2 protein chains.
Amino acid sequence: MTTPLSEFDTALTLTPVDSTSARSGGGPAFTAQLSDRWAIGGAVNGGLLLALLGKAASRAGEHSASGSVHPDPLAISAHYLSASVRGPARIETEIVRSGRTTSVVSVHLEQKQDDKPTGRVRALVTTGDLDALDGPEFITPPCPELPPPDQCYATTDTPQGFKSPGPFTERLDVRLTPGSVAWALGDFSAPGTFNAWIRFPDGREPDPISLLQIVDALPPVTYTWGHFGWAPTVELTAYVRARPAPGWLSMQISTSTYARGFLEEDVQVWDSTGELVAQARQLASAPRFTQKT
Amino acid sequence: MTTPLSEFDTALTLTPVDSTSARSGGGPAFTAQLSDRWAIGGAVNGGLLLALLGKAASRAGEHSASGSVHPDPLAISAHYLSASVRGPARIETEIVRSGRTTSVVSVHLEQKQDDKPTGRVRALVTTGDLDALDGPEFITPPCPELPPPDQCYATTDTPQGFKSPGPFTERLDVRLTPGSVAWALGDFSAPGTFNAWIRFPDGREPDPISLLQIVDALPPVTYTWGHFGWAPTVELTAYVRARPAPGWLSMQISTSTYARGFLEEDVQVWDSTGELVAQARQLASAPRFTQKT
């Protein structure tokens, strides 16, 4: 009996393609199917793409004669090239470094657009083995105390009048704290920070690859200013710091700098034991359309 | 009469090489000379390499038929592959995206080691035009009030017994605030943050490319724990948020997470008018050798 794949793992299905057709040097290529179930604002969510690229990087060694690759993404830097859409995608890999404790893989996701291969995301991934990391803890950000998930606000609690930005909002069970949804009631006095619980609704437990999805799963913090438009990611770097324990994750996103048409967003993710498991930062374009309710 | 190049600009000299010999698709290649004047702990400083790659990316369009490139680095993500040493280096570029308001360039710096091309740093660079950015300022981190530079501590004030980590420490005029040097006197009670003034000693004024050097110019914040060993950078992402005004820059570096053998370091840089001009974050390996004085 095989357990059916979770919705997330289905979305991350990679099919190796004949490596002799790979254009890049040294690494295998994969195909994937992007589903509009993960679309938001008409484009496939950037976190899903990050997870897909992270997984392709960690598997690059399996299908290559040119070097082994460590299993877990430690640092992944993605530069977004154009909006990804539903349909087939191709992921090329190149093993840039195959070292003793870490490897570096370059990954490139492209789709055919007007019959022409068009770059969607390019990323560099440093992989390592999370289980082999050791060393004492000198400093770590304390996990914020949040009200329990059932006292927080789910997507299904969205007030009437807010148009759903897309089916992606149903792919994760997000619970924003009461202090993080004041904007939905027209209160823009506490700008720049969201706190939330997050998990997959079908019970799929978190792992290092899924953290790459999680770090880009919340609405832009510009919502707290009443800026509800899409804030397209220019660049996103995520660090996975530890293998997450099962259960709810909690996270905080914030911005310190929202000026001149760009903002940075900083993300911290803790597992159910309170351990910091991921950090991420992205540079995003300011929302194109700003509307106050 | 030509003005002699500043020391920094001399170190960033790029010579285009015949692009027909470029192995990568679409972009030109350059050669550079790495000098041990920028060495620290035996390796060339990672910030100098970041600036070199940022400059190569911004110039990739000039020497290419495959697309134009915007002039300023907005986001650069570098993954460090092996330690760079004095001597010739080759930089390959690939224009990944040539868009209306931003471009993306992949850059790879390699050196010959045992007569074999060996990767040193690979980076992705999103470039844009800082002068064309506009939009109001919604939030920005306040520039910390620091004691004036002459009340801060320069490298030349280093107490006897501290061995200089290398000539790189003379390439920048760094002034750590009194609160940032307690570790030098054996006080490890305020770990994790440095505040400093910084400028080039020969009067070379800051510009966007030089900010890429600046973000990796201070000692590791692990010094505040008495951990004086080298903390090799695994990955570094920098955002340039504005063109800096002439004069002293001020900066703050801190870590929120130093655990399991890795630490992240966050950097903010303000110009002499108090505007935030750069943000950076790096993942570094914990110092290999820990010694308390």
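Residues numbered from 1 in each chain as written. Chains lettered and ligands numbered in written order. Predicted model: local features only at pLDDT ≥ 70, side-chain atom pairs only at ≥ 80, totals over all residues. Heavy atoms only, no water.

**Considering unusual backbone geometry**
Among all residues except glycine, the phi angle is most often negative; among peptide bonds, the trans geometry is most common.
Phase 1 of the analysis: Even without a glycine there, the phi angle at Arg-260 of chain A is positive, about 55°.
Phase 2 of the analysis: Its place among the elements puts Arg-260 of chain A in the loop between strand 13 (258-259) and strand 14 (262-270).
Phase 3 of the analysis: Overall, the relative accessible area of 26% leaves Arg-260 of chain A in the partly exposed class.
Phase 4 of the analysis: For Asp-114 of chain B, which is not glycine, the phi torsion reads 50° and is therefore positive.
Phase 5 of the analysis: With respect to the helices and strands, Asp-114 of chain B occurs in the loop between strand 7 (103-113) and strand 8 (116-128). (Helix = DSSP H or I, 4+ residues; strand = E, 2+ residues; numbered from the N terminus. Buried < 20%, exposed > 50% of the residue type's maximum accessible area, 1.4 Å probe, protein only.)

**Considerations on the interface of chain A and chain B**
Phase 1 of the analysis: Residue-level contacts link 52 residues of chain A with 52 residues of chain B.
Phase 2 of the analysis: For the pairing of chain A and chain B, the buried interface totals around 4600 Å² over both sides, and the portion due to carbon and sulfur atoms is 57%.
Phase 3 of the analysis: It is Arg-241, Arg-260 and Arg-281 of chain A in chain A that bury the most area against chain B; as a group they hold 17% of the surface buried on that side.
Phase 4 of the analysis: Along the contact surface separating chain A from chain B lie six salt bridges.
Phase 5 of the analysis: Here Glu-94 of chain A makes a salt bridge to Arg-122 of chain B, at a shortest N to O gap of 2.9 Å.
Phase 6 of the analysis: At the boundary of chain A with chain B, the tally comes to 43 residue pairs in polar contact (both at pLDDT 80 or more).
Phase 7 of the analysis: Every element with two or more residues in the side of chain A that touches chain B is listed here: strand 5 (72-80), strand 6 (87-98), strand 7 (103-113), strand 8 (116-128), strand 11 (233-240), strand 13, strand 14 and strand 15 (276-285) of chain A.
Phase 8 of the analysis: Here the element with the most residues in the side of chain A that touches chain B is strand 15 of chain A; it accounts for six residues.
Phase 9 of the analysis: Class assignment of the residues belonging to the side of chain A that touches chain B gives a composition of 24 nonpolar, 16 polar and 12 charged. (Contact = heavy atoms within 4.5 Å. Buried area = accessible area lost by both parts, 1.4 Å probe. Salt bridge = Lys/Arg side-chain N within 4 Å of Asp/Glu carboxyl O. Polar contact = N/O pair within 3.5 Å; in protein donor to acceptor, adjacent residues only side chain to side chain. Nonpolar A, V, L, I, M, F, W, Y, C, P; charged D, E, K, R; others polar.)

**What to know about the packing of aromatic side chains**
Geometry of an aromatic ring pair is reported as the spacing of the ring centres plus the angle between the planes.
Residue and element names in this part refer to chain A.
Phase 1 of the analysis: Applying the stated criterion across every chain, the model contains 22 aromatic pairs over all chains.
Phase 2 of the analysis: On the numbers, 6.0 Å between centres and 55° between planes, the contact of Phe-8 with Trp-38 is tilted. Here the residue Phe-8 occupies a position in helix 1 (residues 7-11), and Trp-38 occupies one in the loop between strand 2 (29-34) and strand 3 (39-40), the gap between them amounting to 30 residues.
Phase 3 of the analysis: We classify Trp-38 as buried; its relative accessible area is 2%.
Phase 4 of the analysis: Ring centres 6.4 Å apart and planes at 65° place the aromatic pair Trp-197 and Trp-248 in the edge-to-face group. Separated by 51 residues along the polypeptide, Trp-197 in strand 10 (residues 193-199) and Trp-248 in the loop between strand 11 and strand 12 (249-254) bring together distant segments of the chain. In this pair, the class of Trp-197 matches that of Trp-248, namely buried.
Phase 5 of the analysis: Ring pairing ties together the aromatic residues Phe-8, Trp-38, Phe-168 and Phe-200, which thus form one cluster. (Phe/Tyr/Trp six-rings, centres within 6.5 Å; stacked < 30°, edge-to-face > 60°.)

**Some details on the relation of the copies chain A and chain B**
Phase 1 of the analysis: For the pair chain A and chain B, the relating rotation is 180°, the translation along its axis is 0.0 Å, and the fit reaches an RMSD of 0.0 Å. Both chain copies can therefore be described as sitting about a two-fold axis. Considering only C-alpha atoms, the residue of chain A closest to the rotation axis is Ser-77 of chain A, which sits at 3.1 Å.
Phase 2 of the analysis: A symmetric contact is evident, with 100% of the interface residues of chain A recurring at the interface of chain B. (Least-squares fit on C-alpha atoms with pLDDT ≥ 70 in both.)

**Regarding helix 2 (residues 46-59) of chain B**
Because an α-helix completes one turn every 3.6 residues, residues spaced three or four positions apart along the sequence face the same direction.
Residues and elements named next belong to chain B.
Phase 1 of the analysis: When the terminal C-alpha atoms of helix 2 are compared, their 20 Å separation across 14 residues agrees well with the 20 Å that a helix rising 1.5 Å per residue should span.
Phase 2 of the analysis: The buried count for helix 2 comes to 14 of 14 residues, which makes it a mostly enclosed element.
Phase 3 of the analysis: A distance of 2.8 Å separates the backbone nitrogen of Gly-47 from a side-chain oxygen at the start of helix 2, and that oxygen is part of Asn-45. (Expected span 1.5 Å × (residues − 1).)

**Structural notes on the side chain of His-108 of chain B**
Phase 1 of the analysis: The residue His-108 of chain B is located in strand 7 in this model.
Phase 2 of the analysis: Side chain to side chain, His-108 of chain B and Arg-122 of chain B meet in a polar contact 2.6 Å long.
Phase 3 of the analysis: Those residues within four positions of His-108 of chain B in sequence are excluded, and the remaining contacts are Val-96 of chain A together with Leu-81, Arg-90, Ile-91, Glu-92, Gly-119, Val-121 and Arg-122 of chain B.

**Observations concerning the domain arrangement of chain A**
All names here are of chain A.
Phase 1 of the analysis: Partitioning chain A into structural domains gives domain 1 (7-129) and domain 2 (149-285).
Phase 2 of the analysis: Computed over C-alpha atoms only, the centres of domain 1 and domain 2 are separated by 23 Å.
Phase 3 of the analysis: In this assembly, 29 residues from domain 1 lie in contact with 26 residues from domain 2.
Phase 4 of the analysis: The junction of domain 1 with domain 2 conceals about 2300 Å² of combined surface from both sides, 58% of it contributed by carbon and sulfur atoms.
Phase 5 of the analysis: Of all residues in domain 1, Phe-8, Ile-40 and Tyr-80 give up the largest surface area on contact with domain 2, accounting jointly for 21% of the area buried on that side.
Phase 6 of the analysis: Inspection of the domain 1/domain 2 interface yields three salt bridges. (Domains from an automatic or database assignment.)

**Overview of the pattern of salt bridges**
Phase 1 of the analysis: Using the criterion set out here, one finds 30 salt bridges over all chains in the structure.
Phase 2 of the analysis: Across the pair Arg-243 of chain A and Asp-72 of chain A runs a salt bridge, and its minimum N-O distance is 3.1 Å. Residue Arg-243 of chain A is found in the loop between strand 11 and strand 12, and its partner Asp-72 of chain A is found in strand 5; the two are separated by 171 residues along the sequence.
Phase 3 of the analysis: With a relative accessible area of 7%, Asp-72 of chain A lands in the buried category.
Phase 4 of the analysis: Arg-86 of chain B is paired through a salt bridge with Asp-36 of chain B; the nearest N and O atoms lie 3.0 Å apart. Taken together, the residues Arg-86 of chain B in the loop between strand 5 (72-80) and strand 6 (87-98) and Asp-36 of chain B in the loop between strand 2 (29-34) and strand 3 (39-40) connect sequence positions 50 residues apart.

**With respect to the pairing of strand 9 (residues 173-176) of chain A**
All names here are of chain A.
Phase 1 of the analysis: Side chains of strand 9 alternate between two faces, with Asp-173 and Arg-175 and Val-174 and Leu-176 buried alike.
Phase 2 of the analysis: Across four bridges, strand 9 lies against strand 10 in antiparallel orientation. For Asp-173, the partnering residue across the bridge sits in strand 10 and is Arg-199. (Pairing = 2+ DSSP bridges.)

**Section: the pairing of strand 5 of chain B**
Residues and elements named next belong to chain B.
Phase 1 of the analysis: A large share of strand 5 lies buried, amounting to nine of its nine residues.
Phase 2 of the analysis: For strand 5 and strand 8, the ladder comprises eight bridges, and the chain directions are antiparallel. Looking across to strand 8, one finds that His-79 is bridged to Arg-122.

**Some details on the environment of Arg-175 of chain B**
Residue and element names in this part refer to chain B.
Phase 1 of the analysis: In this fold, Arg-175 is placed in strand 9 (residues 173-176).
Phase 2 of the analysis: For Arg-175, a relative accessible area of 17% puts it in the buried group.
Phase 3 of the analysis: Along the backbone, Arg-175 and Trp-248 are 73 residues apart, and their C-alpha atoms lie at a distance of 10 Å.
Phase 4 of the analysis: When neighbours within four sequence positions are excluded, Arg-175 is seen to be in contact with Pro-149, Asp-150, Cys-152, Tyr-153, Ala-154, Asn-195, Ala-196, Trp-197, Arg-199 and Trp-248.
Phase 5 of the analysis: Among the polar contacts made by the side chain of Arg-175, one reaches the main-chain carbonyl oxygen of Pro-149 at a distance of 3.3 Å.

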